[in-house]
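Here is how the chains run, residue by residue.
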Amino acid sequence: MSETVYPHNYLYGWTGIVTVVTSIAGLLSILRGAEIVNGAYLLPDIPGGCILILLSAIFGTAYYKGRTDRPGWISFSYIGSLMLLIFAVCTVLINGGNYLALIMGGEDGDASTIISLTFIWAAIIAIPLYLGVSKLMYKC
Amino acid sequence: MNDIRILLTGNPNVGKTTLFNALCGVHQHTGNYPGVTVDIKEGKRHIGGQSLIVCDLPGTYSLSVFTPDEQVARDALLTSNPDIVLQIVDATNIERNLFLTTQLLELGIPMIIALNMCDLADEQGIKIDSECLARNLNVTVVRIVARSEEGVGELVDSIVKLIEEKKPVSHREVLYPGSVTSHINEIGNYLGSHAKLPGNLSSNCAAIRLMEGDEHLEKTLHDQGLVIPFLDKCDPAERDSIAEDVLLARYRTAEEIMACSVKCTMGRVMPADLIDQVITHRYFGIPIFLSCMWFAFQLTFSAAAPFAAAIEIIFGYFNEIITGMDMDPFIRSFLIEGIIGGVGSVLSFVPSIFIVFLLLSILEDTGYLARAAFVMDRLMHSMGLHGRSFIPFLMGFGCNVPAIMATRTLQSRADRIITILTLPFMSCSARLPVYVLFTGVFFSAIAGSVIFFLYVLGIVVAIVTALIFRRYVFKGEPSPFIMELPPYRRPSGTAAGIHMWYKGREYLKRAGLVIFGGVLVVWALASFPVGVEYGSAESLAGSLGQLLQPLFAPLGFNWQLVVALIFGFVAKEVVVGSLGTLYGGEDTLHSSLAADHTLTPAIALAFLVFVLLYLPCVAALGVIRQETGSIKWTVIIVGYGLFVAYVVSFITLHIASFITGV
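Residues numbered from 1 in each chain as written. Chains lettered and ligands numbered in written order. Predicted model: local features only at pLDDT ≥ 70, side-chain atom pairs only at ≥ 80, totals over all residues. Heavy atoms only, no water.

A. Main features of the sheet that holds strand 5 (residues 111–116) of chain B. All names here are of chain B. Ordered in space as 2-3-1-4-5-7, the six strands form an open sheet in which the pairing is mixed. Looking at strand neighbours, the two that pair on one side only are strand 2 (41–47) and strand 7 (140–143), the edges of this open sheet. Within this sheet the neighbouring strands show an average axis-to-axis angle of 25 degrees, counted without direction. Across five bridges, the pairing between strand 1 (residues 2–10) and strand 4 (residues 84–90) is parallel. Bridge pairing links Leu 7 to Val 85 in strand 4. Sheet contacts for helix 3 (residues 94–105): strand 1, strand 4 and strand 5; angle to strand 4, the most-contacted strand, approximately 165 degrees. (Pairing = 2+ DSSP bridges. Helix = DSSP H or I, 4+ residues; strand = E, 2+ residues; numbered from the N terminus. Axes fitted to C-alpha atoms, helices over the stretch in contact; angles between N-to-C directions. Contact = heavy atoms within 4.5 Å.)

Structure, rendered in structure tokens:
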């Protein structure tokens with residue numbers, strides 16, 4: 001392990017950014033779900049918000065571990081970003097399914113709801129992290 | 001035509017059933033966790049003038065048995081006189097698998113080793129010299145990848161060749177310490193002249209089995225009135241010490257074989273270990289599992305919605321055609337209310353069933369579900385359940401029948417009975433259409449979350465039940481949980497698709513037989529006596545429902561719901577079919593339920609809770625009777641389920657009414 005240089009400060013820093021982004025996104029989803037705040041690109045989603053908070057805790061642990069335990073931060077960062085990406089794809093499928101069902105039932109649907117969830121925006125930010133960390137996973 | 005009888009054996013989760021499917025061209029359920037096979041499955045493959053009869057045995061780590069499924073494997077190996085024993089060995093964990101090999105070699109039956117998952121071994125840098133392995137064991141070794149059927153043809157050729165050669169069996173022998181060998185000879189000689197041994201078991205092999213502590217064989221011999229030399233005079237400590245000597249000799253042999261045939265890069269941190277750091281984390285493990293399940297149920301509801309809508313549109317189209325046709329009103333009623341209303345409403349939930357099985361199959365394939373069992377163990381143990389019970393619980397989300405059979409992997413009878421008792425509270429796929437229907441009508445904005453709540457409620461009730469029975473009936477701690485974590489694998493789209501298709505097809509078959517039959521009966525009850533309005537309170541169904549409805553009045557159920565519950569006992573799918581028939585007509589069941597003013601969201605939720613918790617279906621009851629071996633426990637399970645369903649539904653109704661204000 002000592003042979004591997006530690007050139008991944010950018011990814012480590014990016015983990016910190018994703019931690020902040022997911023926690024804010026989660027918090028906003030919960031607050032919107034509880035009808036405390038409103039926003040054009042936010043849908044009320046309390047369970048989804050809780051999951052984002054969980055993911056931010058995983059990223060936060062990765063960031064914290066980064067100081068002492070390198071394989072540890074990589075695995076937390078990897079699993080966190082992988083889950084975020086999978087859940088974002090699931091969100092698109094869920095909202096896409098709901099939208100299609102509405103259209104087929106003869107009702108009006110808003111296509112923008114398919115991509116307006118906080119999960120998707122958070123996942124877009126996590127893509128570079130996933131790509132970088134997944135390479136590291138197989139080198140430690 | 002000659003039959004070649006092959007016993008397929010090996011450690012749990014090494015790919016026995018996958019190879020069985022590849023050999024016989026069948027599609028038995030496989031999974032990336034131990035304990036999927038609990039009884040013997042038999043399949044056939046024809047080659048030229050010969051038939052290979054392949055028996056897939058439950059996985060076992062050794063011939064010393066601890067659980068009923070291991071007993072099944074051990075009995076088959078020792079007593080069924082196969083032509084060949086085919087051991088599947090996990091190439092990524094060869095040393096552990098070789099322990100069983102050393103026992104199988106001593107049976108004196110022609111043997112072949114199929115070295116499975118060679119692709120994964122290559123990926124992990126494990127280099128296996130299969131020729132050296134074959135020389136060392138004096139057994140044919142074939143490299144295969146059962147998932148992609150690579151090497152299966154060569155394996156079949158080797159089987160046929162081994163049979164045709166008819167060479168005397170001379171496998172590698174395990175070298176036991178001198179003192180043990182002399183006792184083996186003494187006991188072996190005695191058994192050779194006095195005992196009637198099961199199957200073709202040699203007296204020498206029987207002696208080794210006895211030295212290893214095979215209680216079943218010992219009992220068989222004692223039942224013949226024999227006094228086993230040396231062993232019957234030993235004190236327990238001495239016997240343990242001998243069994244340990246035998247054990248160490250086996251491990252030494254396995255190590256020797258490993259040393260010359262396997263080379264691997266040691267000391268490397270594997271990605272699986274890093275992933276497990278998070279997935280099985282003390283604090284994150286359970287929330288991660290719950291998050292995955294929540295998304296799975298959201299997907300089940302939402303991603304299936306367009307397909308369900310399409311099926312409803314098609315049946316609506318049929319409805320219009322039949323309405324416009326000139327035919328006998330009685331036949332029209334049968335077609336519209338009976339067939340389209342009943343079977344059609346059940347079929348519209350087929351997409352949800354397909355998606356559930358697809359998702360479960362993907363989670364299984366990746367190796368995640370086994371980790372989930374590990375994560376849940378601490379919680380389950382503290383609740384009086386065995387960690388291994390989690391596997392039957394997971395299977396219970398598909399169907400309770402195989403899940404109840406999977407409790408055979410549990411060692412103690414108390415753990416088995418408690419798990420069987422709690423399994424009917426797991427939401428099987430047959431209940432899903434009822435959930436999807438009612439949540440779609442009464443909770444459309446939060447349908448996925450309500451379905452998730454029902455699944456969680458089932459688990460909570462199961463845990464509380466386990467706590468009660470562990471505390472008052474089966475006192476004591478559950479036995480410890482040891483489970484081998486399977487490797488992580490990239491899920492195969494084809495395998496997941498096949499699994500989904502076969503499970504979905506099963507559901508469709510049920511829709512065609514049981515559900516159609518049930519719906520037919522409900523339609524007849526709703527149509528007779530002649531002259532009454534279809535599905536009215538004056539019909540037979542109405543009379544039956546009204547007779548029993550007072551019992552359910554505290555729960556707010558109308559008579560239609562009561563009739564659906566009665567027929568749901570046959571199979572849970574019939575609940576939706578019955579409602580479709582009873583509410584049948586020109587509107588879809590969805591809109592008919594929405595228009596029924598006797599139903600509120602609170603009553604709908606109470607009904608869903610009742611469907612979740614009340615009786616298991618007839619098939620599940622039959623298996624419960626078989627696995628518990630007791631009518632008493634079967635009756636207790638029925639009575640307890642009804643009681644719990646009534647009480648929890650009642651509480652749900654009042655809490656939901658309080659929250660919604662209706």
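What follows picks up the thread again.
B. Just the side chain of Asn 400 of chain B, in detail. Residue and element names in this part refer to chain B. Checked against the element boundaries, Asn 400 lands in helix 18 (residues 400–405). Judged by its relative accessible area of 4%, Asn 400 is buried. In contact with Asn 400, other than residues within four places in its own chain, are Leu 423, Pro 424, Met 426, Cys 428, Arg 431 and Ala 620. (Buried < 20%, exposed > 50% of the residue type's maximum accessible area, 1.4 Å probe, protein only.)

C. How the structure looks around the packing of helix 12 (residues 285–302) of chain B against helix 15 (residues 350–366) of chain B. Residues and elements named next belong to chain B. With their axes 9 Å apart at the nearest point, helix 12 and helix 15 run at an angle of 150 degrees to one another. In terms of their interaxial angle, helix 12 and helix 15 are classed as roughly antiparallel. In this structure, the crossing between helix 12 and helix 15 has a hand that is right-handed. Of helix 15, the residues touching helix 12 (which contributes Met 293, Ala 296, Leu 299 and Thr 300) are Ser 352, Ile 355, Val 356, Leu 359 and Leu 363. Classifying every residue of the contact of helix 12 with helix 15 gives seven nonpolar, two polar and no charged. (Parallel < 35°, antiparallel > 145°, perpendicular 65-115°, else oblique. Left-handed = near helix turned anticlockwise from the far one by under 90°. Nonpolar A, V, L, I, M, F, W, Y, C, P; charged D, E, K, R; others polar.)

D. Summary view of the packing of aromatic side chains. Residues and elements named next belong to chain B. Scanning the model with the defined rule gives 25 aromatic pairs over all chains in all. Plain terms: the ring middles of Phe 474 and Trp 633 are 5.5 Å apart, the flat faces sit at 25 degrees to each other, and that makes the pair stacked. With Phe 474 in the loop between helix 21 (447–472) and helix 22 (493–527) and Trp 633 in helix 29 (residues 631–660), the pair connects residues that are 159 residues apart, well separated along the chain. With respect to class, Phe 474 is no different from Trp 633; both count as buried. Ring centres of Phe 557 and Phe 610 lie 5.8 Å apart, and the angle between their planes is 85 degrees; this geometry places the pair in the edge-to-face category. Separated by 53 residues along the polypeptide, Phe 557 in the loop between helix 23 (540–552) and helix 24 (559–568) and Phe 610 in helix 27 (residues 601–613) bring together distant segments of the chain. A relative accessible area of 3% places Phe 610 in the buried class. Through pairs of rings, three or more aromatic residues link up here, namely Phe 438, Phe 442, Phe 552, Phe 557, Phe 607, Phe 610, Tyr 614 and Tyr 646. Its guanidinium or amino end placed over the ring of Tyr 488, Arg 371 lies 3.8 Å from that ring's centre, counting from NZ or CZ. Across the ring face of Tyr 614, the terminal group of Lys 572 is positioned such that the distance to the ring centre comes to 4.8 Å. (Phe/Tyr/Trp six-rings, centres within 6.5 Å; stacked < 30°, edge-to-face > 60°. Lys NZ or Arg CZ within 6 Å of the ring centre and 35° of its normal.)

E. Inspection of the pairing of strand 2 of chain B at higher detail. Residues and elements named next belong to chain B. Taken together, the seven bridges between strand 2 and strand 3 (residues 50–56) define a ladder with antiparallel strand orientation. Residue pairing across strands places Gly 43 opposite Val 54, the latter belonging to strand 3. Linking strand 2 back to strand 3 in an antiparallel pair, the connection comprises two residues, with Gly 48 at a positive phi of about 55 degrees.

F. Focus on the pattern of salt bridges. Residue and element names in this part refer to chain B. Evaluation of the coordinates by the stated rule reveals 14 salt bridges over all chains. Where Arg 239 meets Glu 218, a salt bridge forms, and the shortest distance between an N and an O atom there is 2.7 Å. One end of the pair, Arg 239, is in helix 10 (residues 236–261); the other, Glu 218, is in helix 9 (residues 215–223), with 21 residues separating them in the sequence. Glu 218 shares its class with Arg 239; the two are buried. By sharing partners, the salt bridges in this structure join Arg 74, Asp 75, Glu 106, Arg 209, Glu 212, Asp 214 and Arg 250 into a single network. (Salt bridge = Lys/Arg side-chain N within 4 Å of Asp/Glu carboxyl O.)

G. View of the interface of chain A and chain B. Facing the 30 residues of chain A at the interface are 25 residues of chain B. Together chain A and chain B conceal approximately 2,300 Å² of surface at their shared face, both sides included; 83% is due to carbon and sulfur atoms. Seen at the junction of chain A and chain B, the total is zero salt bridges. Where chain A meets chain B, there are three residue pairs in polar contact (both at pLDDT 80 or more). Counting residues per element, the ones that place at least two in the side of chain A that touches chain B are helix 2 (46–65), helix 3 (70–104) and helix 4 (118–137) of chain A. (Buried area = accessible area lost by both parts, 1.4 Å probe. Polar contact = N/O pair within 3.5 Å; in protein donor to acceptor, adjacent residues only side chain to side chain.)

H. Broad picture of the packing of helix 7 (residues 178–194) of chain B against helix 8 (residues 203–211) of chain B. Residue and element names in this part refer to chain B. Packing of helix 7 against helix 8 leaves a shortest axis separation of 8 Å and a crossing angle of 125 degrees. The pairing of helix 7 with helix 8 is recorded here as oblique in orientation. For the pair helix 7 and helix 8, the crossing hand works out as right-handed. Here Val 180, His 183, Ile 184, Asn 185, Ile 187, Gly 188, Leu 191 and Gly 192 of helix 7 lie close against helix 8, whose contacting residues are Ser 203, Asn 204, Ala 206, Ala 207, Ile 208, Leu 210 and Met 211. Within the contact of helix 7 with helix 8, the residues separate by chemical class into nine nonpolar, six polar and no charged.

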